[in-house]
Amino acid sequence: MAILSRETIRASQTLTALRTPRILTREFLAGLVVAIALIPEAIAFSIIAGVDPRLGLFSSFIMAVSIAFLGGRPAMITAATGAIALVIAPVARGYGTDYLIATVILGGLIQIVMALAGVAKLMRFIPRSVMVGFVNSLAILIFTSQLPYLFGVPWEVYPLVAVGLLVMVGFPRLTTVVPAPLVAVVVVSVVMVLFAMAVPTVGDEGELPQSLPELLIPNVPFTLETLAIILPFALGMAVVGLLESLLTAKLVDDITDTPSRKTREAWGQGVANVLSGAFGGMGGCAMIGQTMISVKASGARTRLSTFFAGVLLLVLVLVFGDLVAAIPMAALVAVMIMVAVGTFDWHSVRLNTLKRMPKSETTVMLATVVAVVWTHNLAIGVVLGVVVAMVLFARRVAHLATVTRRVVAAPDGSLTAFYTVNGELFFASSNDLTTQFEYTADPSTVVIDLSNSHVWDASTVAALDAITTKYARFGKSVEIIDMNEATHALHARLSGHLGDGH
């Protein structure tokens, strides 16, 4: 039986979608909903970055279309994002748009290098509790990002949002052929027109472009001084973009029960950012909110939905710009609120779950949520969550290493103290190792048995050296026995070369 690769299977799924009107319609409508929702967000992120709204819209178009071919996670949406906008905003404010574009191109190149270096494989070290915190914090950020559209607005906005929410909840019970978010946008827009409501619209967010993006080279001096200016921001953009994209890809993997190629996704993101910068875009990464609209709310499963989102975004702003500009923001607010509700892992905060879950797991989840919501930076939150998880894990396993002592008398009457060490020995557990020996009370011969333990780092070798040195001060000899092969090799290489044993 022939074994097909993942890409062969996915290519087959795309071809099947193209040949099946029902699936093709689903993917097209999912892309349409995402394209409509992308417009105000791309404009808003452009404002955050301090650039013309066209840069955000062009970036979203180029990145969505390119990642549809290059990415490793089908149906995931990549476009201009707030996370990237926050990282590169100081460049636009301090040095101008050309330097920002150069930063985006360099950031994309760094992502390609990081992908080839295997950075995507580090995803396996992110604990589940951090992933849960990531998901919950994203849901909170998605919801709170809609609050500006709910305060200081005409009262008509509230019934329109309510109508949108009712459609989002009720329509899927009738049929799932047409995505509920698209129906909600249409219904709310019609209600606004019928009742002549004067409410904020997409057009109020910024001017839509009138022409296609053009290939350009940033007008910056190609010098080390320029590199010194843009490199820190480009590196920050690369790390934040990859982290958010790979975490979103993992989330979609879980939702769809299908694997993705993280390394391909990583370099695909890099190439997409290079192309975005080359056409005057502001760069971006995977968008959790739009991805949830595509995958969860609209049921998209192939690359076609991402491709349609990019193409339809450009068509909407260039051909149907006046129509799109008239869409009430209340409709998109309703869609995003439902996305936030659907994204949040409600099971993780149930009382029964919190009672069963170890306190350390809950602490990691809460630390991730608080950090992300406080800083509005996903990378900071996830890194902090991983650090907290590492510290708590180290504390937990540090107490698993034990030392037992017995004194044995030989036939000639001489005494030997035997110490048996059990457990994993590393920097956390070996710190207390030196305190568990009776240096003054032990006989002149001491044997340390490591048959039930493993030495992982230099800290433990240094601790063993300190124990041997301390016994030597009392004129006593120490023999370390039954080390496994890896422990023996590490101990032989480092013992006696880490200091004076103090």
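For the structure itself, consult the block above.
What you are looking at is a predicted structure, and each value in this text was computed from that prediction instead of being measured.

Student: Even after reading the chapter, I still don't get helix α5 (residues 97-116), so can you show me in this structure?
Tutor: An α-helical segment advances 3.6 residues per turn. Residues three or four places apart therefore align on the same side. In a regular helix each residue adds 1.5 Å, so 20 residues correspond to 28 Å; α5 covers 29 Å between its end C-alpha atoms and thus fits that length. Most of α5 sits out of view: 14 of its 20 residues are buried. Positive backbone phi, at 90 degrees, marks G118, one or two positions downstream of α5.

Student: When you look at the pattern of salt bridges in this model, what are you seeing that I'm missing?
Tutor: Charged atoms that come close allow side chains of opposite charge to pair. Tallied over the full model, the rule gives five salt bridges. Its salt-bridge partner being E27, residue R26 comes within 2.8 Å of it at the nearest N-O pair. Classification of R26 by relative accessible area gives partly exposed; the value is 22%. The closest approach of N and O atoms between D253 and K262, which form a salt bridge, is 2.6 Å.

Student: I'm lost on a nonpolar patch on the surface in this one. Help?
Tutor: Taken together, the side chains of V186, V190, L194 and F195 make up a nonpolar region of the molecular surface, amounting to roughly 430 Å² of accessible area. Among the secondary structure elements, F195 is positioned in the loop between α8 (180-194) and α9 (224-256).

Student: I would appreciate a short explanation of the sheet that holds strand β6 (residues 477-481) in the present structure.
Tutor: Within a sheet, neighbouring strands are paired by backbone hydrogen bonds and run either parallel or antiparallel to one another. Strands sit in the order β3-β4-β5-β6 across an open sheet of four strands; the sheet is mixed. The sheet terminates laterally at β3 (402-409) and β6, the two strands that pair on one side only. In this sheet, neighbouring strand axes are inclined to one another by 20 degrees on average, regardless of whether the strands run parallel or antiparallel. Where β3 meets strand β4 (residues 415-425), eight bridges bridge the pair, whose relative direction is antiparallel. Looking across to β4, one finds that V407 is bridged to A417. In the packing of helix α19 (residues 458-473) onto the sheet, contacts are made with β4, β5 (445-455) and β6, and the angle to β5 comes to roughly 175 degrees.

Student: Mind showing me how you'd approach empty space enclosed by the protein here?
Tutor: Where empty space is left in the structure can be found by rolling a water-sized probe over the atoms. Evaluation of the coordinates by the stated rule reveals two cavities of 30 Å³ or more. By volume, the largest cavity amounts to about 120 Å³. Taken together, R128, S129, V132, D345, H347, S348, T353, L354, M357, E361, T362 and M365 make up the full set of residues lining the largest cavity. Contributing elements (two or more residues each) for the lining of the largest cavity: α6 (128-144), α15 (351-356) and α16 (359-375). Across the lining of the largest cavity, the residue classes break down as four nonpolar, five polar and three charged.

Student: Where do I start with the pairing of β5 in this structure?
Tutor: As a general feature of sheets, a regular strand has side chains that alternate between the two faces. Among the eleven residues that make up β5, eight are buried, leaving the element largely enclosed by the rest of the structure. Examined bridge by bridge, β5 and β6 share five bridges and lie parallel to one another. Counterpart to D449 in the pairing with β6 is I481. Viewed along the sheet, the connection from β5 through α19 into β6 turns out right-handed.

Calculation notes
- Residues numbered from 1 in each chain as written.
- Predicted model: local features only at pLDDT ≥ 70, side-chain atom pairs only at ≥ 80, totals over all residues.
- Heavy atoms only, no water.
- Helix = DSSP H or I, 4+ residues; strand = E, 2+ residues; numbered from the N terminus.
- Expected span 1.5 Å × (residues − 1).
- Buried < 20%, exposed > 50% of the residue type's maximum accessible area, 1.4 Å probe, protein only.
- Salt bridge = Lys/Arg side-chain N within 4 Å of Asp/Glu carboxyl O.
- Patch = residues over 30% accessible without salt bridge, like charges linked within 9 Å, V, L, I, M, F, W, Y side chains within 5 Å.
- Areas by Shrake-Rupley, 256 points an atom, 1.4 Å probe, with all protein chains shown as cover.
- Pairing = 2+ DSSP bridges.
- Axes fitted to C-alpha atoms, helices over the stretch in contact; angles between N-to-C directions.
- Contact = heavy atoms within 4.5 Å.
- 1 Å grid on protein atoms, 1.4 Å probe; cavity = no way out; pocket = protein on both sides within 12 Å on 5 of 7 lines; lining within 4 Å.
- Points joined across faces, edges and corners; volume = space filled by probe spheres on them.
- Nonpolar A, V, L, I, M, F, W, Y, C, P; charged D, E, K, R; others polar.
- Right-handed = clockwise from strand over helix to strand, strands pointing away.

Interpretation note: all reported values are geometric properties and have no functional meaning in isolation.
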